[in-house]
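The lines below spell out each chain.
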Amino acid sequence: MIHRKGDLRNEYKKSWILLLCFAMLCIIQASWFLIRTGPLTIPDPDMHATAAYALATGQSLNATRTELDDFGNPGKVQTIRGESGYLYLEGRKGVLVDNALLLSLSGDPYRTQQRASGADGTKIVSVPSEQHPNRSNQYFPLLYAPQALGLRVGLWLNTSPYTGWQLSRIGNLVAFVVLWGFAILLIPRGKLFLTLIGSLPTTVFLASSLMVDAMVCALCACFVALLARYAHRHRPLTYTQMAWIIMLSWLVLCSKIVYAPMLLVTLILPRSVLSGKGKLAVVAAWGAGALLIFVPWYLRFSGTLALTNVADNISFIRTHLGITTSAVFRTFRHLPVSLSQSASIELFLVFNVWLLAMPTVVVREHDSISRGYWIGRNRYLLLSVGSITASLVCMMLFLAITWNDMSTLGTAHLEGFQERYLIPLMPVAAFGLIRDKPSIRDCACHVPEPD
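None of these values were measured; they are calculated from a predicted model.

Right, let's talk about the overall build of the chain for a bit. Within the chain one finds 17 helices and four strands. By principal-axis analysis of the C-alpha atoms, the chain measures approximately 95 × 55 × 45 Å. The 451 residues of the chain split such that 52% are buried. Once local pairs closer than 6 in sequence are excluded, the contacts in the chain between residues at least 24 apart make up 81%. Summing over all exposed atoms, the chain offers an accessible surface of approximately 21,200 Å²; the carbon and sulfur share of this is 65%.

See the structure below:
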């Protein structure tokens, strides 16, 4: 990604203190979470734990069958086999992340039962069953590689299921620290900003859990850092650099489609960085990767949890766009008061650090500077704000389709939004710290007429 060793050494000299602080903060907080909360005390343990186990045991592509859920939605159900100590998920507790943070302070009462899982011996079983759920096929399996590697070590060493889950958490943590640290190293501006986001308690909890969210966050941060570096250097991209962009952006696309708007920054890079043909090549590569890999997997394997009838909601939204738009707007307006206290503090801190960095970047429009110059100079700021907003709108629409009965919603806001959804969007704000070099055409300045 960085052509010369001298570039890497210079970046390291500017970043090593922040990298050290980031690693220490992650290790300290993660150690606390590993000790104080059980591995199955997370949102959706029947999804993240079984997905990691499926990948670790080579069952991620097991055949699926279509069944109707309680709301009449057809869904794909995947059966996996393995030790009951792992697949029965004894002591699991689905809690929101902010509640898990509180449990780390007061003590996790579910950890004892999770630790005892498999103590009486294990047998080979299949899930899902009537008592034991399984949602191993909801997310693209490659995203669980760090957890699967840690769990694979536990299976090789024949450890207890609890220790195996702990090793899986450590694998997730190590991958997160490496990827996020690399993002801090690469990004030309906003190193402190990325360090702060990666060190937040919510972010570190995700990284020290079995959840896929940490990998999504790290991929977003790496993509932002890489693209920001290329934009800042303002040099034509090589084929190797384009390949890195395509790979990272494709992984972001496979993780959660609602974060796809951030990829659009690639398409507004100046032609001096990425030519029109280069942009077409990037789009073609995205399409090829999606059509050849992600879409076939999604159509054959993926299953999504819904708490309402999806088909009815889609039909309602199509015929009631005004009501849907109003619901999305009400949810935006309700977000500040719906966030937990810890999430509000974190968001307030991140936002203020971002604002403090802005005066050195934003070029204010004066009479002597054209509007085109100002827009060109701050194109990344404008697009970063726009892409974050677009991702939030996508989230709201997804919640409208899968989590809320739109026909009975009335004047209420949409339910189902969680604070952890914001973490992958935070690095996108770092795009706003990059200044572009406007074209000569945009630099047309107002020249006062002679007296």
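From this point, the discussion proceeds with the structure in view.
Structurally, the position occupied by Ser84 is in helix 3 (residues 84-87). Sequence-distant contacts of Ser84, defined by excluding residues within four places in its chain, comprise Gly121, Thr122, Lys123 and Val125.

Further remarks concern the pattern of salt bridges. Under the defined criterion, the tally for this structure stands at six salt bridges. For the salt bridge of Asp44 with Arg135, the shortest nitrogen-to-oxygen distance reads 3.2 Å. In this pair, Asp44 is assigned in the loop between helix 1 (5-36) and helix 2 (45-56) and Arg135 in the loop between strand 4 (124-127) and helix 6 (145-156), connecting sequence segments 91 residues apart. Taking the relative accessible area as the measure of exposure, Arg135 reaches 16% and is therefore buried. The residue Asp46 makes a salt bridge to Arg135 at a minimum N-O spacing of 3.7 Å. On the criterion of sequence distance, the pair formed by Asp46 in helix 2 and Arg135 in the loop between strand 4 and helix 6 is long-range, its members being 89 residues apart. Taking relative accessible area as the criterion, Asp46 reaches 13% and is therefore assigned buried. One continuous salt-bridge network, built from bridges that share partners, spans Asp44, Asp46, Arg135, Asp213, Lys256 and Arg420.

On to the nonpolar core. General note: in soluble globular proteins, nonpolar side chains tend to be found buried as a group. Core analysis: the largest hydrophobic core is formed by 125 residues, its most contacted members being Trp165, Trp180, Phe223, Tyr259, Phe417 and Phe431. Ranked by the residues each element gives to this core, the list is headed by helix 10 (residues 213-233), at 17 residues. Setting aside chain neighbours within four positions, we find Trp180 in contact with Phe22, Leu194, Ile197, Gly198, Cys217, Ala218, Ala221 and Pro427.

Now for the packing of helix 11 (residues 239-255) against helix 12 (residues 276-300). Running from amino to carboxyl end, helix 11 crosses helix 12 at an angle of 45°, the nearest separation of the two axes being 10 Å. Taken as axis vectors, helix 11 and helix 12 run oblique relative to one another. Every pair of crossing elements has a handedness; the one defined by helix 11 and helix 12 is right-handed. Counting all contacts with helix 11, which are made through Met242, Ile246, Ser249, Trp250 and Cys254, the residues of helix 12 involved are Gly278, Ala281, Val282, Ala285, Trp286, Gly289, Ala290, Ile293 and Phe294. Of the residues assigned to the contact of helix 11 with helix 12, the class counts are 11 nonpolar, three polar and no charged.

Below, the discussion takes up the packing of helix 2 against helix 6. Viewed as axis vectors pointing N to C, helix 2 and helix 6 meet at an angle of 65°, and their least axial separation amounts to 8 Å. On the basis of the axis angle, helix 2 is roughly perpendicular to helix 6. In this structure, the crossing between helix 2 and helix 6 has a hand that is right-handed. Contact with helix 2, carried on its side by Ala52, Tyr53, Leu55 and Ala56, involves Ala145, Gln147, Ala148, Leu151, Arg152 and Leu155 of helix 6 and no other residues of that element. For the contact of helix 2 with helix 6, the per-class residue count stands at eight nonpolar, one polar and one charged.

A few words on unusual backbone geometry. Cis rather than trans, the peptide bond between Val127 and Pro128 has omega equal to 10°. Looking at the element boundaries, Pro128 is found in the loop between strand 4 and helix 6. Here the phi dihedral of Asn158 falls at roughly 60°; this positive angle occurs in a residue that is not glycine. Locating Asn158 in the fold gives a position in the loop between helix 6 and helix 7 (161-186). For His234, which is not glycine, the phi dihedral falls at a positive 55°.

Under the counting rule described, the total for this entry stands at three cavities of 30 Å³ or more. Counted as a void, the largest cavity has a volume near 60 Å³. Thr202, Ala343, Glu346, Leu347, Glu419, Leu422, Ile423 and Met426 are the residues that line the largest cavity. Split into classes, the residues belonging to the lining of the largest cavity amount to five nonpolar, one polar and two charged. When its volume is computed, the second largest cavity comes out at roughly 40 Å³. Contributing to the lining of the second largest cavity are Val97, Asp98, Thr202, Ser340, Ser342, Ala343, Glu419 and Arg420.

Our focus in this paragraph is the pairing of strand 4. What you see with strand 4 is a clean split: Val125 and Val127 sit on the buried side and Ile124 and Ser126 on the side with no burial. By the bridge criterion, four bridges tie strand 3 (residues 80-83) to strand 4 in an arrangement that is antiparallel. Along strand 4, the bridge assignment pairs Gly82 with Val125.

Further remarks concern the layout of surface pockets. Taken as a whole, the second largest pocket encloses approximately 630 Å³ of empty space. Surrounding the second largest pocket, 20 residues form its lining, Leu347, Phe351, Ile388, Leu392 and Leu422 being those nearest its centre. Contributions of two or more residues to the lining of the second largest pocket are made by helix 14 (321-338), helix 15 (341-357) and helix 17 (379-402). The element best represented in the lining of the second largest pocket is helix 15, accounting for six residues. Grouping the amino acids of the lining of the second largest pocket by side-chain chemistry returns 17 nonpolar, three polar and no charged.

Quick notes on the rules
Residues numbered from 1 in each chain as written. Predicted model: local features only at pLDDT ≥ 70, side-chain atom pairs only at ≥ 80, totals over all residues. Heavy atoms only, no water. Helix = DSSP H or I, 4+ residues; strand = E, 2+ residues; numbered from the N terminus. Buried < 20%, exposed > 50% of the residue type's maximum accessible area, 1.4 Å probe, protein only. Contact = heavy atoms within 4.5 Å. Areas by Shrake-Rupley, 256 points an atom, 1.4 Å probe, with all protein chains shown as cover. Salt bridge = Lys/Arg side-chain N within 4 Å of Asp/Glu carboxyl O. Core = buried A, V, L, I, M, F, W, Y, C linked by side-chain atoms within 4.5 Å. Axes fitted to C-alpha atoms, helices over the stretch in contact; angles between N-to-C directions. Parallel < 35°, antiparallel > 145°, perpendicular 65-115°, else oblique. Left-handed = near helix turned anticlockwise from the far one by under 90°. Nonpolar A, V, L, I, M, F, W, Y, C, P; charged D, E, K, R; others polar. 1 Å grid on protein atoms, 1.4 Å probe; cavity = no way out; pocket = protein on both sides within 12 Å on 5 of 7 lines; lining within 4 Å. Points joined across faces, edges and corners; volume = space filled by probe spheres on them. Pairing = 2+ DSSP bridges.

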